Amino acid sequence: MAIAPSFCGVVLAAGESRDGRDKALLTYGGRTFLAGAIEALRPHTDMVLVVVGRNAELLSPVVYAAGAFLVENPEPERGQFGSLQAGLREVLNRGRDAAIVMLVDRPPVAEATIAQLRQAFLHAAGRGRWAVVPEHNGKHGHPLVVGREMIEAFLQAPVNSTAREVEHSLLDRIEYVAVSDPMVTFDVDSPEDDARRAAS
């Protein structure tokens, strides 16, 4: 791992919510989840890639308005791991060797959290770690910060794998970092969840 890797932000936004709404366009704090994720990543990365599927036309105005780049997952039916592979493949294609990967199905984490995880990765990489995963109240979450070795591991995994399976096979290469930001583990699975978070 290079001492000063070049980071690329990756937002996984190809899926749809269970009630038919696109989670990327849910709002929190006066902005969409997608716009918030891009804005949070931009100060800590060279560029931000947003992986989309059949919702490309719907999300592209938000992506381009925020100064990010669109990456289309040609097989969104493969699920989130296929989107992860599509995004990470583009990271390498664009000459970057590390990525900060965020999910779009939750309000974005604080910029300070991203800065903490990025710095933790730089230290961990010197100890032979390939990735950093945030932990809040004993629960693992996102964003993930991954170096080239972990990117290659994800890309070489079978298409029917999950990110969790790959992570669990490489536990000795992953550093878990405790953070105070509850958004790293928050998820929006229903309109009730969205309303409760918006009211808090």
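Just above sits the structure.
Residue numbering note: each chain is counted from 1, following its sequence as written. Where totals are concerned, whole chains, interfaces and linings use all residues; where local detail is concerned, this predicted model gives features only for residues with pLDDT of at least 70, and gives and counts side-chain atom pairs only at 80 or more. The basis for every side-chain value is the complete set of heavy atoms in the structure, and neither hydrogens nor water enter the calculation.

## A word on the overall build of the chain
For helices the rule is a DSSP run of H or I covering at least 4 residues; for strands it is a run of E covering at least 2, with both sets numbered from the N terminus onward. A tally of helices and strands in the chain yields seven helices and 10 strands. Type-normalised accessible area, obtained with a 1.4 Å probe on protein chains alone, sets the label of each residue: buried when under 20%, exposed when over 50%, and partly exposed for intermediate values. Out of the 200 residues in the chain, the part that is buried amounts to 54%. Taking contacts inside the chain between residues at least 6 apart in sequence as the whole, the part at least 24 apart equals 72%. For the chain, the exposed area adds up to about 9,300 Å²; of that, 49% sits on carbon and sulfur atoms. Should any heavy atoms of two residues lie within 4.5 Å, those residues are considered in contact. Residue exposure ignores everything except the shown protein chains as possible cover, and the areas themselves are Shrake-Rupley values with a 1.4 Å probe.

## Brief notes about the packing of aromatic side chains
Ring geometry is summarised as follows: Phe, Tyr and Trp rings, the Trp one being its six-membered ring, pair when their centres sit within 6.5 Å, and such pairs are stacked at plane angles under 30 degrees, edge-to-face over 60 and tilted between the two. The tally for this structure, following the rule as stated, stands at two aromatic pairs. Where Phe7 meets Phe121, the ring centres are 5.9 Å apart and the plane angle is 80 degrees; that geometry is what we call edge-to-face. Of the two residues, Phe7 is situated in strand E1 (residues 7-12) and Phe121 in helix H4 (residues 111-125); the sequence distance between them amounts to 114 residues. Look at Phe121 and you get buried, because its relative accessible area is 0%. The ring of Phe69 has Arg94 lying over it, and the distance from NZ or CZ to the ring centre is 4.7 Å. Two conditions define a charge sitting above a ring: the NZ of Lys or the CZ of Arg must be within 6 Å of the ring centre, and it must be within 35 degrees of the ring normal.

## What to know about the pattern of salt bridges
Salt bridge, as used here: a side-chain nitrogen of Lys or Arg that lies within 4 Å of a carboxyl oxygen of Asp or Glu. If you walk through the whole model with that rule in mind, you get nine salt bridges. Residue Glu175 is joined to Arg127 by a salt bridge in which the shortest nitrogen-to-oxygen separation is 2.5 Å. Of this pair, Glu175 sits in strand E10 (residues 174-178) while Arg127 sits in the loop between H4 and strand E7 (131-136), and the two are 48 residues apart along the sequence. Taking the shortest distance from any N to any O, the salt bridge between Glu152 and Arg148 comes out at 4.0 Å. In this pair, Glu152 and Arg148 are both assigned in helix H5 (residues 148-156), four residues apart and thus about one turn of the helix distant. One continuous salt-bridge network, built from bridges that share partners, spans Arg127, Arg129 and Glu175.

## Remarks on the packing of helix H1 (residues 33-41) against helix H2 (residues 56-65)
Two numbers describe how H1 lies on H2: the axes approach to 10 Å, and their chain directions differ by 35 degrees. Our pair here, H1 against H2, has a crossing hand that is right-handed. Along its contact with H1, which presents Leu34, Ala35 and Ile38, the element H2 presents Leu59, Val62 and Val63. Charged residues are taken to be Asp, Glu, Lys and Arg, nonpolar residues to be Ala, Val, Leu, Ile, Met, Phe, Trp, Tyr, Cys and Pro, and polar residues to be all remaining types, Gly included. For the contact of H1 with H2, the per-class residue count stands at six nonpolar, no polar and no charged. Helix axes are fitted only over the stretch in contact, all axes being lines through C-alpha atoms; the angle between N-to-C directions runs from 0 to 180 degrees. It is the rotation of the near helix from the far one that decides the hand of a crossing: anticlockwise by less than a right angle makes it left-handed, clockwise makes it right-handed.

## Considerations on the environment of Gly82
Here Gly82 shows up in helix H3 (residues 80-93). Judged by relative accessible area, which is 2%, Gly82 ranks as buried. Along the primary structure Gly82 and Pro158 are separated by 76 residues, whereas in three dimensions their C-alpha atoms are 10.0 Å apart.

## A look at the packing of H3 against H5
In a pair of packed helices, the angle between the axes and the distance between the axes together describe the arrangement. At a minimum axis distance of 9 Å, the contact between H3 and H5 shows a crossing angle of 135 degrees. Taken together, H3 and H5 sit at an angle that is classed as oblique. For the pair H3 and H5, the sense of crossing is left-handed. Residues Phe81, Leu84, Gln85, Leu88, Arg89, Val91 and Leu92 of H3 form the contact with H5, whose participating residues are Arg148, Ile151, Glu152, Phe154 and Leu155. For the contact of H3 with H5, a count of residues per class yields eight nonpolar, one polar and three charged. An angle below 35 degrees is treated as roughly parallel, one above 145 as roughly antiparallel, one from 65 to 115 as roughly perpendicular, and anything else as oblique.

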